[in-house]
Amino acid sequence: MAGARRPLVAGNWKMNGFRSSVAELAKTIEGFDGALAGRIDLLVCPPATLIAEFAERARGSKVAIGAQDCHPKPSGAHTGDLSAEMLRDAGAAAVIVGHSERRADHGESNALVRAKAEAAWRAGLLAIVCVGETRAEREAGRTLAVVAEQLKGSVPDGANPANLVVAYEPVWAIGTGLTPTVSDVAEVHGVIRRELAARLGEAAAGTRVLYGGSVKPENARELLHAGDVDGALVGGASLKAEDFLKIAAAYR
Ligand code: PEP
């Protein structure tokens, strides 16, 4: 069934970028040629300040624009927060929820991540739910249990291939230049697929599971072709169009 899943390469710009960065997005749009665009989906998730401008620039292209977080509620007294509906209104097609930086910096629980994924669906956005173990958890041999528990708690009922993407991102691999072995990635992805199957039945076979954590042009081919990997969530290397496109070219 893996062949039936269309790969997704998603860029998470985190807290980087200004209005002038639209020039970098333009390079990504121009470099994402028809042959590759026929094979994979490409998504850029800039900071919220840039979503509307990026969505405008990407309109009519094969590059979609996403967001990095949302509030569970549609509106209300939540100073500084943005609802999924607002992100959609700004031009986002997807939203990352439960990124490890938000779990760590903002104490986000699985229950909150789940509520955010439900909010994404309410607004018609694709939810990219992130899971992944810390270094201490890996060293304690708890990787598979931790990832399974996060998945169970963070993925709402009603998930299907059109509304859910899971990103496996080992916390210790994010922004460090360290990566798991291909067989470690394949093992965790296998467990994620099995957990999804237990929850979603047949829908699990069509649901994309990305790998994220220090994906670079040099290691993309190896990591993205590890067993059951359906694409990448890319942080640092997504900021430069040239590197981002080289990663996507792993599917050429
Ligand atoms: C991320 O933050 O989702 C990520 C994978 O970052 P990096 O590629 O920089 O490790």
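Here, the structure is the one placed above.
Described in the following lines is the structure provided in the data block. It should be emphasised that the depicted structure is a prediction, and the values quoted were computed from it without experimental measurement.

Cut-offs used in this document
Here, residues in each chain are numbered from 1, in the same order as that chain's written sequence. Local features are withheld for residues below a pLDDT of 70 in this predicted model, meaning they are given only at 70 or higher, and side-chain atom pairs are given and counted only at 80 or more; totals for whole chains, interfaces and linings count all residues. By convention in this description, side-chain values take in all heavy atoms of the structure and omit both hydrogens and water. Put simply, DSSP H or I for four residues or longer makes a helix, DSSP E for two residues or longer makes a strand, and each gets a number counted from the N terminus. Throughout this description, buried means an accessible area under 20% of the type-specific maximum (1.4 Å probe, protein chains only), exposed means over 50%, and partly exposed covers the range between. For this analysis, a polar contact is any N or O atom pair within 3.5 Å, provided that within protein one partner can donate a hydrogen and the other can accept it, and provided that sequence-adjacent residues contribute only side-chain to side-chain pairs. Note on definitions: a residue-residue contact is assigned when non-hydrogen atoms from the two residues lie within 4.5 Å. The criterion is simple. A nonpolar core is a set of buried Ala, Val, Leu, Ile, Met, Phe, Trp, Tyr and Cys residues joined through side-chain atoms within 4.5 Å. Within this analysis, the arc is defined by the directions that extend from the helix axis to the C-beta atoms. Axis definition: a line fitted to C-alpha atoms, limited for helices to the stretch in contact. Angles are taken between N-to-C directions and run from 0 to 180 degrees. Each crossing is labelled by how the near helix is turned from the far one, with a counterclockwise turn of less than a right angle marking it left-handed and a clockwise turn marking it right-handed. Lys, Arg, Asp and Glu make up the charged group, whereas Ala, Val, Leu, Ile, Met, Phe, Trp, Tyr, Cys and Pro make up the nonpolar group; the residues left over, Gly among them, are polar. Throughout, near means a residue has at least one heavy atom within 4 Å of the molecule or strand. In short, Shrake-Rupley with a 1.4 Å probe defines the accessible areas, and a residue's cover is counted only from the protein chains shown. Pairing between two strands is assigned when DSSP locates at least 2 bridges connecting them. Seen with the strands pointing away from the viewer, any crossover whose path from the first strand over the helix to the second strand runs clockwise is right-handed.

Turning our attention to the side chain of serine 154. For serine 154, the position within the fold is in helix H8 (residues 143-154). The class for serine 154 is buried, based on a relative accessible area of 0%. A distance of 3.0 Å separates polar atoms of two side chains, one belonging to serine 154 and the other to arginine 103. The residues contacting serine 154, other than those within four sequence positions of it, are Arg103, Asn110, Val113, Arg114, Ala117 and Val129.

Turning our eyes to something else, we now look at the nonpolar core. By size, the foremost hydrophobic cluster in this structure holds 66 residues, and its most contacted members are Val9, Leu42, Ile192 and Leu196. Once residues within four sequence positions are removed from consideration, leucine 42 is found in contact with Val9, Thr28, Phe32, Lys62, Val63, Ala64, Phe244, Leu245 and Ala248. Residues Leu8, Leu43, Ile128 and Ala167 belong to the second largest nonpolar core, which totals 13 residues.

Along an α-helix, residues three or four positions apart point the same way, because every turn accommodates 3.6 residues. Those residues of helix H11 (residues 241-248) that sit buried are Ala241, Phe244, Leu245, Ile247 and Ala248. Around the axis of H11, the buried residues are gathered within 155° of arc, so they sit on the same side.

Moving on to the packing of helix H1 (residues 22-31) against helix H3 (residues 51-58). Two packed helices can be described by the angle between their axes and the distance between those axes. Where H1 meets H3, the axes come as close as 10 Å, and the angle between the chain directions of the two elements is 30°. With respect to the hand of their crossing, H1 and H3 are arranged in right-handed fashion. The segment H1 lies against H3, with Val22, Leu25, Ala26, Ile29 and Glu30 engaging Glu53, Phe54, Arg57 and Ala58. Within the contact of H1 with H3, the residues separate by chemical class into six nonpolar, no polar and three charged.

Turning our attention to the site of the ligand. Near the ligand you find 14 residues, and of these Lys14, His99, Glu169, Gly175 and Ser214 are the closest. Measuring from an oxygen atom of the ligand, one finds a side-chain N or O atom of glutamate 169 at 2.7 Å. Relative to its unbound accessible surface of 290 Å², the ligand loses 97% to contact with the protein. Looking at the shell around the ligand, its residues break down into four nonpolar, eight polar and two charged.

In this section: the sheet that holds strand S6 (residues 164-168). Paired through backbone hydrogen bonds, the strands of a sheet run either parallel or antiparallel to each other. The strand order S1-S2-S3-S4-S5-S6-S7-S8 describes a closed barrel built from eight strands, whose pairing is parallel. Taking each pair of neighbouring strands and ignoring which way they run, the sheet shows an average axis angle of 25°. Looking at chain direction, S6 and strand S7 (residues 208-212) are connected through four bridges and run parallel. Of the residues in S7, the one forming a bridge with tyrosine 168 is tyrosine 211. The strands that helix H6 (residues 110-122) touches are strand S4 (94-97), strand S5 (126-131) and S6; relative to S5, the one it contacts most, it runs at about 165°.

Quick look at the pairing of S7 now. Buried residues dominate S7, accounting for five of its five residues. Burial along S7 is two-sided: the face carrying Arg208, Leu210 and Gly212 and the face carrying Val209 and Tyr211 are both buried. For the crossover that starts at S6, traverses helix H9 (residues 182-200) and ends in the parallel S7, the hand is right-handed. Across two bridges, the pairing between S7 and strand S8 (residues 231-234) is parallel. Bridging across to S8, tyrosine 211 finds its partner in alanine 232.

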